[in-house]
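Here is how the chains run, residue by residue.
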Number of protein chains: 2
Amino acid sequence: MDKVILDGKQVADKVKGSLASRVEALKEAGVTPCLATILVGDDPSSETYVRMKGNACKRIGIESKRIHLSKETSTEELLEVIDELNQNDGVHGILLQHPVPAQIDERAAFERIAIEKDVDGVTSLGFGQTAFGFGKYPSCTPAAIMRIIDEYKIELEGKHAVVIGRSPILGKPVSALLLNRDATVTICHSRTQNLPGIVKQADIVVAAVGKPNFVQGDWIKEGAVILDAGYNKGNIGDVDYEACYEPAGAITPVPGGVGPVTISMLLKHTVDAAELTL
Amino acid sequence: MDKVILDGKQVADKVKGSLASRVEALKEAGVTPCLATILVGDDPSSETYVRMKGNACKRIGIESKRIHLSKETSTEELLEVIDELNQNDGVHGILLQHPVPAQIDERAAFERIAIEKDVDGVTSLGFGQTAFGFGKYPSCTPAAIMRIIDEYKIELEGKHAVVIGRSPILGKPVSALLLNRDATVTICHSRTQNLPGIVKQADIVVAAVGKPNFVQGDWIKEGAVILDAGYNKGNIGDVDYEACYEPAGAITPVPGGVGPVTISMLLKHTVDAAELTL
């Protein structure tokens, strides 16, 4: 089989393309899909991410409602803002940009988002529903990984998937989604012993560890599918692309792999949520 | 190291022993801890399980409120019963005996149980909270497995745990609990390829597959810890005990292993829930 470079930009364009007519139909029905983004503080990367998401919304006709709170915001104040957005019928999705300043109880804030508007897939309820197979909005990066797998018709049933990382928005939900699609799933993390030996068994490798160029070429089984969910400073992934390209059967580049699809899944979830209010 | 037979009865007695003074203190404060059990239909094994649980409650001073519904009960009728129990301040825990008759939407019924009273750990919210590390009442069999591991001071950090089975009340939550304790976790199931080879790598094996004597002796690595969560007809576990005893470093018998601890965790969760109402 030829080596496949998994082109996230192409997948993202396809997803976004499929949303245009749905957004139009919603507007004809009197509903403008709207994503509210909450940014707390002045972290420059967070500002960039929120702006990118807002612009992506606008380009396909989704309204972007941007809320920017000062870095001194308290947990209570943030919860009040979330409550208002939960009650606002004009808002279909709520995204709280991570990370928030240290004085805020981030988990409490995530948990406060109404399940119907949790298009970013951050609540424990949303995660539980996803793990049990009936979640509407899985966390966006895991959803993007599954979308790439589906677009490229990568077989999962009975395959051994090794996920490196166990965060609530990445390692845990992507493991759950792969398991529900009949992969055998191993979840690895910072305490894992003999990580190279475990990765070497994988038919599918998902890197979600947040360390630049962490996954090495000699860890990869010949023909394995590699999905790199990392985005480290300087647009560097968690996978040493040059070294892993050789043994891989298919691989996502960084940039242009999982990243663009992640944003398109956020848009899709927002449109899904708006349609459910009709 | 000597081979250890993990004595569930002893662990269960210790757990129950620690509850006696807590139940007494609750009663002095005017609160009698109460577990409501709902049985739908006439399945003889289910009747036995519910009776066992009720009797276990009574023996340590927990009130057991048994609700027995006819096998023609509709989903709506069952949901109404659950709503009443949710609102009843005298009830601290609710257990819906599985399985329910086919006409009932079992998942909808489980999901209806208020999180504060989900002492059996069946809701997707409870699972999500457990997976994210702040769940109060994990599903009872997984909680029992963790209790046995702790009582016998079995190290988990960095160890490779292989869980066979992926049910919402067993395989999935026990995987989450092991992961949160820093084990590397592999989840296997009916579609897994080369199951013996994967189990052979395990430092910890959890069998939760529901097939009598399924796990074979030559699958087990020398010194592995084996936890058998199976209870098949005739009190037979999922592990071929005779064959696995030889290579195992530690092993739960069936009966007398995970089973008795499971019931004691249900009692503990009910007392926990009652204390939280003080």
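Throughout, residues of each chain are indexed from 1 in the direction in which the sequence is written. Starting at A for chains and at 1 for ligands, labels are handed out in the order in which the entities are written. For a predicted model such as this one, the threshold for reporting local features is a pLDDT of at least 70, and the threshold for listing and counting side-chain atom pairs is 80 or more; totals across whole chains, interfaces and linings nevertheless cover every residue. The side-chain numbers reported here are obtained from all heavy atoms of the structure, hydrogens and water having been left aside.

**Here's the deal with the relation of the copies chain A and chain B**
Here comes step 1: For this overlay, a least-squares fit was computed on C-alpha atoms, restricted to residues scoring pLDDT of at least 70 in both copies. Mapping chain A onto chain B calls for a screw motion: a turn of 180° about the axis and a shift of 0.0 Å along it, with 0.0 Å RMSD after fitting. Each copy turns onto its partner about a two-fold axis.
Here comes step 2: Only heavy atoms matter for contacts: two residues are in contact if any of them lie within 4.5 Å across the pair. Both copies present the same face, since 100% of the interface residues in chain A are matched by interface residues at the equivalent positions in chain B.

**Section: the pairing of strand β5 (residues 160–164) of chain A**
Residue and element names in this part refer to chain A.
Here comes step 1: Burial classification: accessible surface area is computed with a 1.4 Å probe over protein chains only, and a residue below 20% of its type maximum counts as buried, one above 50% as exposed, and the rest as partly exposed. Working definition: helices are DSSP H or I runs of at least four residues, strands are E runs of at least two. Numbering for both runs from the N terminus. The buried fraction of β5 is high, at 5 of 5 residues.
Here comes step 2: Going residue by residue along β5, you find His160, Val162 and Ile164 tucked away on one face and Ala161 and Val163 tucked away on the opposite face as well.
Here comes step 3: Here a crossover is taken to be right-handed if, once the strands point away from the viewer, the path from the first strand over the helix to the second is traced clockwise. In the classification by handedness, the crossover that spans β5, the intervening helix α7 (residues 171–180) and the parallel strand β6 (residues 184–188) is right-handed.
Here comes step 4: With 4 bridges joining them, β5 and strand β7 (residues 204–207) adopt parallel strand pairing. Bridge pairing in β7 links Ala161 to Ile204. Each pair of strands is called paired provided DSSP finds at least two bridges between the two strands.

**Points about the domain arrangement of chain A**
Here comes step 1: Throughout, the edges of the domains are those of an automatic or database domain assignment. Looking at the assigned domains, one finds that chain A contains domain 1 (30–114) and domain 2 (139–258).
Here comes step 2: The C-alpha-based centres of domain 1 of chain A and domain 2 of chain A are spaced at 29 Å.

**Here we look at the pattern of salt bridges**
All names here are of chain A.
Here comes step 1: A pair is scored as a salt bridge if a Lys or Arg side-chain nitrogen falls within 4 Å of a carboxyl oxygen belonging to Asp or Glu. The full count for this structure, using the stated rule, is 28 salt bridges over all chains.
Here comes step 2: In this structure, the salt-bridge partner of Arg112 is Asp83, at a minimum N-O distance of 2.8 Å. With Arg112 in helix α4 (residues 106–112) and Asp83 in helix α3 (residues 75–87), the pair connects residues that are 29 residues apart, well separated along the chain.
Here comes step 3: For Arg112, a relative accessible area of 35% corresponds to the partly exposed category.
Here comes step 4: Residue classification places Asp83 among the partly exposed positions, given a relative accessible area of 21%.
Here comes step 5: Ionic pairing is found between Glu111 and Arg107, a salt bridge with its closest N-O pair at 2.6 Å. Within this pair, Glu111 and its partner Arg107 are both found in helix α4, separated by 4 residues, close to a single helical turn.
Here comes step 6: One network of salt bridges, with partners in common, ties together Arg22, Lys268, Asp272 and Glu275.

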